[in-house]
Amino acid sequence: MRTSARLLALLALLQSRPTWSGAELASRLDVTGRTVRNDVTRLRELGYPVEAVKGPGGHYRLGAGAALPPLLLDDDEAVAVTVALRASSVVPGMEESSGRALHKLEQVLPSRLRPRVSALREATMQGPENTTDNVEDPPVDSRLLTQVASAIKAGEEIRFRYRGDEAVLVEPYRLMSWQRRWYVVGRDPATGGWAPYRLDWMTLRTPGGRRFTPAPLPGGDYTAFLLRQVAVTGWSVHARITVAASAADVLARINPAVGVVEPVDESHCVLVTGGDSAEIVAVYIGMLGYDFHVTEPPELVAHLRLLADRYARATGGT
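Note that the structure is predicted; figures quoted are calculated from it, not measured.

Here we look at the sheet that holds strand β11 (residues 292-293)
- Judged by pairing direction, the sheet is antiparallel, and its four strands sit side by side in the order β9-β10-β8-β11 without closing on themselves. In the strand order of this sheet, the two ends are held by β9 (259-265) and β11, each with one partner.
- Bridge analysis of strand β8 (residues 237-243) against strand β10 (residues 268-275) gives seven bridges, and the strand direction is antiparallel. Bridging across to β10, V243 finds its partner in C269.

Notes on the pattern of salt bridges
- Across all of its chains, the model carries eight salt bridges by this definition.
- Taking the shortest distance from any N to any O, the salt bridge between E24 and R17 comes out at 2.6 Å.
- Connected through salt bridges with shared partners, the residues R6, D39 and R42 form a single ionic network.

Concerning the nonpolar core
- Of all hydrophobic cores here, the largest spans 21 residues; its most connected members are V243, V250 and L300.
- For this core, the elements supplying multiple residues, two or more each, are β8, α9 (247-253), β10, α10 (278-286) and α11 (298-314).
- Excluding residues within four positions of it along the chain, L300 makes contact with A239, A278, V281, A282 and V294.
- One finds Y162, V168, V184 and W201 within the second-largest nonpolar core, a separate group that totals 17 residues.

Overview of helix α7 (residues 142-154)
- An ideal rise of 1.5 Å per residue puts 18 Å on 13 residues; α7 measures up with 18 Å between its terminal C-alpha atoms.
- L144, L145, V148 and A151 are the residues of α7 that are buried. An end-on view of α7 places all buried positions within 130 degrees of arc, on one side of the element. Exposed residues lying more than 90 degrees from the buried face of α7 are R143 and K153.
- At its buried positions, α7 is contacted by β3 (158-162), β4 (166-178), β5 (181-187) and β7 (202-204).
- Phi turns positive one or two residues past the end of α7, at G155, with a value near 65 degrees.

Some details on the environment of D291
- Among the structural elements, D291 can be located in the loop between α10 and β11.
- For the pair D291 and A244, spaced 47 residues apart in sequence, the C-alpha separation works out to 5.4 Å.
- Those residues in contact with D291 that sit more than four places away from it in its chain are T242, V243 and A244.

Considering the side chain of H59
- Its location among the elements puts H59 in strand β2 (residues 59-62).
- Excluding residues within four positions of it along the chain, H59 makes contact with T19, W20, S21, E51, A52 and V53.

Quick look at the packing of aromatic side chains
- Taken as a whole, this structure holds seven aromatic pairs when the rule is applied.
- Ring plane angle 75 degrees and centroid distance 5.4 Å describe the contact between F160 and Y197, whose orientation is recorded as edge-to-face. Taken together, the positions of F160 in strand β3 and Y197 in strand β6 (residues 194-198) put the pair 37 residues apart, joining distant regions of the chain. In this pair, the class of F160 matches that of Y197, namely buried.
- Where Y162 meets Y197, the ring centres are 5.3 Å apart and the plane angle is 85 degrees; that geometry is what we call edge-to-face.

Focus: the confidence of the model for the protein
- Averaged over all residues, the pLDDT of the protein equals 82, while 84% of them reach at least 70.
- The weakest mean pLDDT in the protein belongs to helix α6 (residues 114-123) at 72; the strongest belongs to β11 at 93.

Regarding the sheet that holds β7
- A sheet is described by the order of its strands in space; here five strands give the open sequence β6-β5-β4-β3-β7, paired in antiparallel fashion. Both outer strands of the open sheet, β6 and β7, are each paired with one neighbouring strand and no more. Across the sheet, the mean angle separating the axes of adjacent strands is 55 degrees when strand polarity is ignored.
- Bridge analysis of β3 against β7 gives three bridges, and the strand direction is antiparallel. By the bridge assignment, F160 is partnered in β7 with L204.
- Of the strands in this sheet, β3, β4, β5 and β7 touch α7, which is tilted by about 95 degrees from β4.

About the criteria used
- Residues numbered from 1 in each chain as written.
- Predicted model: local features only at pLDDT ≥ 70, side-chain atom pairs only at ≥ 80, totals over all residues.
- Heavy atoms only, no water.
- Pairing = 2+ DSSP bridges.
- Helix = DSSP H or I, 4+ residues; strand = E, 2+ residues; numbered from the N terminus.
- Salt bridge = Lys/Arg side-chain N within 4 Å of Asp/Glu carboxyl O.
- Core = buried A, V, L, I, M, F, W, Y, C linked by side-chain atoms within 4.5 Å.
- Buried < 20%, exposed > 50% of the residue type's maximum accessible area, 1.4 Å probe, protein only.
- Contact = heavy atoms within 4.5 Å.
- Expected span 1.5 Å × (residues − 1).
- Arc of directions from axis to C-beta.
- Phe/Tyr/Trp six-rings, centres within 6.5 Å; stacked < 30°, edge-to-face > 60°.
- pLDDT = per-residue confidence, 0-100.
- Axes fitted to C-alpha atoms, helices over the stretch in contact; angles between N-to-C directions.

So, in C-alpha cells, the structure goes:
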C-alpha cells in the first residue's frame, strides 16, 4: 500500500474495535511492527489521538476527542446504511433527520462509493410501513430516545408522567422497539415490580435522576417479558376473551406475541390480548377460527355487534 492508503486502512481498523495489539495491526496491514509505529506517529501528527499502552497486554486505541476521521465504509456497508436511512425516512418524527443524514453521508463517502449510494437513493422508494393497523404510528421523539438511553447507560432513575397524568419513577434497564412502538423496560424502586412503558405515552420530568444499583430482570429475557406484558398493559384497548378451545389449541393458532393464554378447562381458555383500536382486536380474534365470548371493553363489544350485522347482511342474513 501507499502510505496514504495504509493510514486510512489503519484508521479504519482503529475505529472498528476498541483495542488492537501492534502485532495484530501489522498482520492485518501486511507490514512490520516498525511501520505500524511510524504510521501511528503520522496519525498523531494529523490530529488523531492514538493512545498506546505498553507492557505484556500492550495495545493501541483511538482516543476520545479525535477530529472526525474520513468515513470508511466498504461497498456492502455503504449500501446497508443507505437502505437503513431510506427505511427510517417513513418513520413519523424521523423523516427530515433521515433525509439530512443521507445527504451528509453522500458528502463524506469516498468518490468511488458516492455515485453508487446516490444511484441507490434516487432509484428506490419506500412503501408505507404500517399496513396492518388503522391507527397512525406514534412519532418517534429522538430526544426522548437519547435521554432514556443515556439514563440506562448511566444507571439513573427517570421520572415521568404516563398517559397524561400518572406520575411514575422507574429504574430503566432496556430500550426496545416492537410493532413500530418504543418501550422502556423498567423496575419500580419502591415495590421491585417490573413493567414496560410506551415512550409515546411518556412525558419525561426529571432526566439525570438518582443513581441506582442494578438489579436485572429475573431470568434476563427482556424480549419475552416485553411481549408478554404488552398484551396485558401496553395497548390502548385490552380484552379478556373466553375461547371455546383448549389453551394448547389457541397457542397453536396465534403468535405468542399476540397475547397471553390462560387455561380454564380442557375445552376452554381465556385469551388476554389488545391493540390500539377495537377494530384491530376484532381482526385478531376473528382469525382464531374458534367460537368466543366477549363482555368487555364496551367499545370492542359494540364493534363486534356491528361486524355481526354487517357480515349477516353481506350473506343475505338478517
